[in-house]
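# Breakdown of the fold
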Amino acid sequence: MKRSILIFSTEQLVADEKLEELLNDTQVVRRTKDVAETETNHYRARRWSENQRACKAHEIYIDTNLNSESVNTSIIPCLIREFDEDWNWREHIHYF
């Protein structure tokens, strides 16, 4: 199963730039404007909107310019919990 990685920003261009940074020197299998797939990961870069539909991800990258209330109430709950005793959600949220 591929790991799902979401990138949220206040601007689509910033999210796209972060996607490019994460893909640096990685073999991309399939690519569209804001989605990329590698052998092990599925990446999606999105401009954050309060109307964002349900999302699920193993790792989330968040622009530091996003409203902290949105992050706490809408983005963090998107994490897919792993069945590991030592799992800590804070290790799967990354700010840029």
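Definitions and limits used
- Residues numbered from 1 in each chain as written.
- Predicted model: local features only at pLDDT ≥ 70, side-chain atom pairs only at ≥ 80, totals over all residues.
- Heavy atoms only, no water.
- Helix = DSSP H or I, 4+ residues; strand = E, 2+ residues; numbered from the N terminus.
- Expected span 1.5 Å × (residues − 1).
- Buried < 20%, exposed > 50% of the residue type's maximum accessible area, 1.4 Å probe, protein only.
- Arc of directions from axis to C-beta.
- Contact = heavy atoms within 4.5 Å.
- Core = buried A, V, L, I, M, F, W, Y, C linked by side-chain atoms within 4.5 Å.
- Pairing = 2+ DSSP bridges.
- Phe/Tyr/Trp six-rings, centres within 6.5 Å; stacked < 30°, edge-to-face > 60°.
- Patch = residues over 30% accessible without salt bridge, like charges linked within 9 Å, V, L, I, M, F, W, Y side chains within 5 Å.
- Areas by Shrake-Rupley, 256 points an atom, 1.4 Å probe, with all protein chains shown as cover.
- Salt bridge = Lys/Arg side-chain N within 4 Å of Asp/Glu carboxyl O.
- Lys, Arg positive; Asp, Glu negative; His and termini not counted.
- Charge placed at Lys NZ, Arg CZ, Asp CG, Glu CD.

## What to know about helix α1 (residues 12-23)
Over its 12 residues, α1 extends 16 Å from the first C-alpha to the last, a length consistent with the 16 Å expected when each residue adds 1.5 Å. For α1, every residue scored as buried is listed here: A15, D16, K18, L19 and L23. Considered in projection along α1, the buried side chains sweep an arc of 160° and stay on one side of the axis. Among the exposed residues of α1, those pointing more than 90 degrees away from its buried face are L13 and E21. Buried residues belonging to α1 abut β1 (3-9), β2 (30-31), β3 (35-37), β4 (41-47) and β5 (59-62). Two residues or fewer after α1 comes D25, characterised by a positive phi angle close to 60°.

## What about the nonpolar core?
Residues F8, I60, I62, L66 and I75 are the most contacted members of the largest nonpolar core, which totals 15 residues. The residues contacting I62, other than those within four sequence positions of it, are F8, V71, I75, I93, H94, Y95 and F96. If you look at the next biggest cluster of nonpolar residues, it comprises 9 residues, including I5, A36, A45 and Y61.

## Describing unusual backbone geometry
The backbone of D25 shows a phi angle near 60°, a positive value even though the residue is not glycine. In this structure, D25 sits in the loop between α1 and β2.

## Remarks on the pairing of β4
Sheet analysis places β1 next to β4, joined by 7 bridges and oriented parallel. Considered in β4, the bridge of I5 is made with Y43. Summarising the sheet, β3 and β4 pair through 3 bridges and their orientation is antiparallel. Within β4, the position partnered with V35 by the bridge is R44. Joining the antiparallel neighbours β3 and β4 is a turn of 3 residues.

## Regarding the environment of E20
Positionally, E20 belongs in helix α1. As for E20 and A45, which are separated by 25 residues in sequence, their C-alpha atoms are 9.7 Å apart.

## Examining the packing of aromatic side chains
This model, assessed by the stated rule, comprises 1 aromatic pair. Aromatic pair F8 and W48: ring centres 5.3 Å apart, planes at 90°, arrangement edge-to-face. Residue F8 is found in strand β1, and its partner W48 is found in the loop between β4 and β5; the two are separated by 40 residues along the sequence.

## Observations regarding a negative patch on the surface
Together, D84, E85, D86 and E91 give the surface a local cluster of negative charge. By the secondary structure assignment, D86 is in the loop between α2 (68-75) and β6 (93-95). Note on D86: relative accessible area 63%, which makes it exposed.

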